[in-house]
Structures are given as C-alpha cells and as structure tokens.
Amino acid sequence: MTDSTPAPAAPAYDGPRRILSGIQASGALHLGNYLGALKRFTQLQDQGAPCFLFVADMHAITVWQDPALLTAQTREIAAAYLASGLDPARSVIFPQSAVRAHADLAWIFNCVARLGWLDRMTQFKEKSGKHKERSSVGLYTYPVLQAADILLYKATEVPTGEDQKQHLELTRDIAQKFNNDFGVPGFFPLPEPLTQGPAPRVMSLRDGAAKMSKSDPSDASRINLTDDADTIMAKVRKAKTDPGNLPETVEELNDRPEAKNLVTIYAALADISREQVLAQFGGQGFGAFKPALAELAVESMAPVTAEMRRLMADTAEIDRVLKDGAERAAAVADPVVEEVKKIVGFWQA
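How each quantity is defined
- Residues numbered from 1 in each chain as written.
- Predicted model: local features only at pLDDT ≥ 70, side-chain atom pairs only at ≥ 80, totals over all residues.
- Heavy atoms only, no water.
- Helix = DSSP H or I, 4+ residues; strand = E, 2+ residues; numbered from the N terminus.
- Contact = heavy atoms within 4.5 Å.
- Axes fitted to C-alpha atoms, helices over the stretch in contact; angles between N-to-C directions.
- Parallel < 35°, antiparallel > 145°, perpendicular 65-115°, else oblique.
- Left-handed = near helix turned anticlockwise from the far one by under 90°.
- Nonpolar A, V, L, I, M, F, W, Y, C, P; charged D, E, K, R; others polar.
- Buried < 20%, exposed > 50% of the residue type's maximum accessible area, 1.4 Å probe, protein only.
- 1 Å grid on protein atoms, 1.4 Å probe; cavity = no way out; pocket = protein on both sides within 12 Å on 5 of 7 lines; lining within 4 Å.
- Points joined across faces, edges and corners; volume = space filled by probe spheres on them.
- Phe/Tyr/Trp six-rings, centres within 6.5 Å; stacked < 30°, edge-to-face > 60°.
- Salt bridge = Lys/Arg side-chain N within 4 Å of Asp/Glu carboxyl O.

S.K.: Just to check I follow, could you spell out the environment of Ala175 for this structure?
M.R.: One can find Ala175 in helix H8 (residues 165–181). Between the C-alpha atoms of Ala175 and Ala113, which are 62 residues apart in sequence, the distance is 9.5 Å. Dropping the residues within four chain positions of it, Ala175 is found in contact with Leu151, Phe188, Pro189 and Leu190.

Following this line, the structure appears as structure tokens:
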C-alpha cells in the first residue's frame, strides 16, 4: 500500500433496523405532538418497523417538575401513545427511568463527548436564556443522555423535528468517536433522521412564526389532545389569520405563515397534500375554511381524546403496558451496556 492509497473504510453497522423516539413527560400533549410524532410513530409501526417508544421522564426533570404530577404525566404520555394507535404487542412502550441502562450509558458518553460539542447546542441557549448559571447541569448535558437513549438500542433511524436534528448529529459524533476511540468499528450505528411525516412542524394558532408548544402560556395557542369538541371549535375559530383569501398555490403560502399553518394542519388531518387543500378551498375566505377545519379536527381527534380519557380513568392498563415495555426494553438495552462496560475496561465479576 502506497502513501497515496486511501485507508480502507471502517466496517459499517450491519445490525437490524430499529426506530426509537420519545416524548417528554412534562405538560399536556397537543395537536402538534399528535401530527408531528404520534401519528408518525403509528405509521412506522403499521409499516412493520420495530419501534421503541419511551416516555422521557429523565429528560423532563432537567427543569423542575412537581413530583406529584410527574407520574401522572408519564401515564398521560403513555395513554396518548395507545390512543393514537400504537400497539404494545408490536411496539415497545416504556418509561425511560425504568431502564437503568439509560443512565449507565449516558455517563460513559459524558466521558466521550467534548465540551465544545455541547457549547454549540442551540437548544440549551434557547431554553436557558439569560440565566445560564441557574440552569441544571442536566439541561446542559441532556443531548448526551439523548444519544444514550438512541444508541442503547442501536437505533438506526430516529423520527425527529428540525429542532432536534442538531442533537442527532451529536449522537452520530458520539457513536463515531466511541467506535474509533475503543477500536470497535461498526459497534454503534450512525442513526439517520426521519423528518418526513404528516406535519413535521405545527405552528401556534396565535403566531404562525412560533412552534405550537405545551409551554406557551396561552392555551388558545394549541389544541390539546384532551380538549373537547366545543373547545377545539372555538380555538380554530379564533386562530390568527390575515385579511386575504386562501391562495390558489402552495408557493403563495410562503409569505403567509398563519394561512400556511392552517392549511398544513388540514392536509395532515385529512391525509392529503396542501395542493389538494388549496384545490378545494383556494380563493375562499377563512370564514369558509375555518369551520371546515374545525369540523375535521373534531372528527379526527374525538376518538383519540375518548380513548385517552378511558385509559386515564383506570390506569391499571397503562401500568401493565409500561411494566411489560420496560422489561422488553431492558432485555435489549442491558446486554448492550454490559458489552460497552467490557469495551471501556470496567471491572466485572
């Protein structure tokens, strides 16, 4: 081999396909969570993808959570998973904290990740604001825990929004550095993002430039999964719009964020394209479009809301699903973290 001969490529990961994602156990879920995550998870499951879906209670406590509410919030996320169509016989649904390997691998990855990598994470800057010194260390390092969540199951694909793509890049960096540092090429996969979905980014009903969020102080900014029909109708009716009629083409929506958001929501709920929505409503005013959107939202969300309420009224079923899911998740995760400990050189009896 001459100096100009390129080095052979490191072996690629050749393990099974796995999908992993999670939702934080903090605050009520809303339409954006349903269209951007829950509906997408169900579609992947129904396509036969092996899905590991957890309730991120360890991530939740990076900011203060009332202990009396955290368990209830964990059950509510699990109820939303089930009500959205996820089948615990086909998908593994579990609480993050119930699988101790998440914490074990996160510590090892804390020693692999570099400080400069975390300094570049924009989400920490946004969440900590002007009070960085008052933020928890957990909030700063939670992208490393997120990497452990993913790589613990050797996930090959991660459904993710645009705001989380930077964290997935960090996960790939950590995986590559671990593989290189310890001479185990191909041990961890370099997971790929799955950004396509019914509506990857649903915006606030009060501000088309801001993402729909459970932390928004205005309840009118979002449709909660537990809202009744009258509440949904009222929120859609009062949603912010501009004075013009709906345009004829999708391109014309680009400078009209509120109109674009409502058209996107309609398309995602109806499982059609935005072009098809505009073919039906283009040129009409919001006085015609909003009632149609409200009716569709109520029709689409009513079964989810009813099933969530049924599950939350008697949480025994939820608890059985979470317990079983934790055991199945640990059966995959524990051997991985034990192998990592051997690779790192930890003493083992």
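Continuing now.
S.K.: Teacher, can you tell me more about the packing of helix H1 (residues 31–46) against helix H10 (residues 257–270) here?
M.R.: In a pair of packed helices, the angle between the axes and the distance between the axes together describe the arrangement. As a packed pair, H1 and H10 sit with axes 11 Å apart at the nearest point and diverge in direction by 45°. In this view, H1 runs oblique relative to H10, as classed from their interaxial angle. You can see that H1 and H10 cross each other, and the crossing is left-handed. Of H10, the residues touching H1 (which contributes Leu31, Leu35 and Lys39) are Ile265, Ala268 and Leu269. Its residues assigned to classes, the contact of H1 with H10 shows five nonpolar, no polar and one charged.

S.K.: Hey, could you run me through the side chain of His59 in this one?
M.R.: Its location among the elements puts His59 in helix H2 (residues 57–60). Among the residues examined, His59 registers a relative accessible area of 4% and is labelled buried. When near neighbours in sequence (up to four residues on either side) are disregarded, His59 contacts Gln24, Gln96, Tyr142, Leu145, Gln146 and Asp149.

S.K.: Please explain unusual backbone geometry as it appears in this structure.
M.R.: A negative phi angle is the norm for most residues apart from glycine, just as the trans form is the norm for most peptide bonds. The phi dihedral of Lys154 falls on the positive side, at around 50°, and the residue is not glycine. For Lys154, the position within the fold is in the loop between helix H7 (137–151) and strand E4 (157–159). One non-glycine residue, Asp271, lies in positive phi territory at about 60°. Checked against the element boundaries, Asp271 lands in the loop between H10 and helix H11 (274–281).

S.K.: I keep staring at empty space enclosed by the protein and nothing clicks. Help me out?
M.R.: Applying the stated criterion across every chain, the model contains one cavity of 30 Å³ or more. Approximately 30 Å³ is the volume attributed to the largest cavity. What lines the largest cavity is Leu31, Leu205, Ile223, Val236, Leu262, Ile265, Leu293 and Ala297. Going through the elements one at a time, H10 and helix H12 (286–313) are the ones with two or more residues in the lining of the largest cavity. Residues belonging to the lining of the largest cavity are distributed by class as follows: eight nonpolar, no polar and no charged.

S.K.: Explain the packing of aromatic side chains to me, please; I cannot follow it from the model alone.
M.R.: Centre-to-centre distance and the angle between the planes together describe a pair of aromatic rings. Tallied over the entire structure, the rule returns 13 aromatic pairs. When the ring of Phe178 is compared with that of Phe187, the centres are 6.1 Å apart and the planes differ by 35°; the resulting orientation is tilted. Judged by relative accessible area, which is 13%, Phe187 ranks as buried. Geometrically, the ring pair formed by Phe178 and Phe188 is edge-to-face, given 5.2 Å between the ring centres and 65° between the ring planes. Highlighted residues: Phe178 in helix H8 and Phe188 in the loop between H8 and strand E5 (192–194), separated in sequence by 10 residues. In terms of burial, Phe178 and Phe188 fall into one category: buried. A connected cluster of aromatic rings, assembled from ring pairs, spans Phe109, Phe178, Phe182, Phe187 and Phe188.

S.K.: Explain the environment of Leu278 to me, please; I cannot follow it from the model alone.
M.R.: As for its position among the elements, Leu278 is in helix H11. Taking C-alpha positions, Leu278 is 7.8 Å from Val263, a pair spaced 15 residues apart along the chain. In this structure Leu278 touches Pro247, Glu248, Thr249, Val250, Leu253 and Val263, once residues within four positions along its chain are discounted.

S.K.: How should the pattern of salt bridges be read in this particular structure?
M.R.: One pass over the full model with this rule turns up 18 salt bridges. Between Arg17 and Glu157 there is a salt bridge; the shortest N-O distance is 2.5 Å. With Arg17 in the segment before strand E1 (19–24) and Glu157 in strand E4, this pair connects stretches of sequence that are 140 residues apart. For the salt bridge of Glu192 with Arg172, the shortest nitrogen-to-oxygen distance reads 3.2 Å. In this pair, Glu192 sits in strand E5 while Arg172 sits in helix H8, placing the two residues 20 residues apart along the sequence. The partly exposed category is assigned to Glu192, whose relative accessible area is 43%. A single salt-bridge network, built from bridges that share partners, covers Asp219, Arg222, Asp227 and Lys235.

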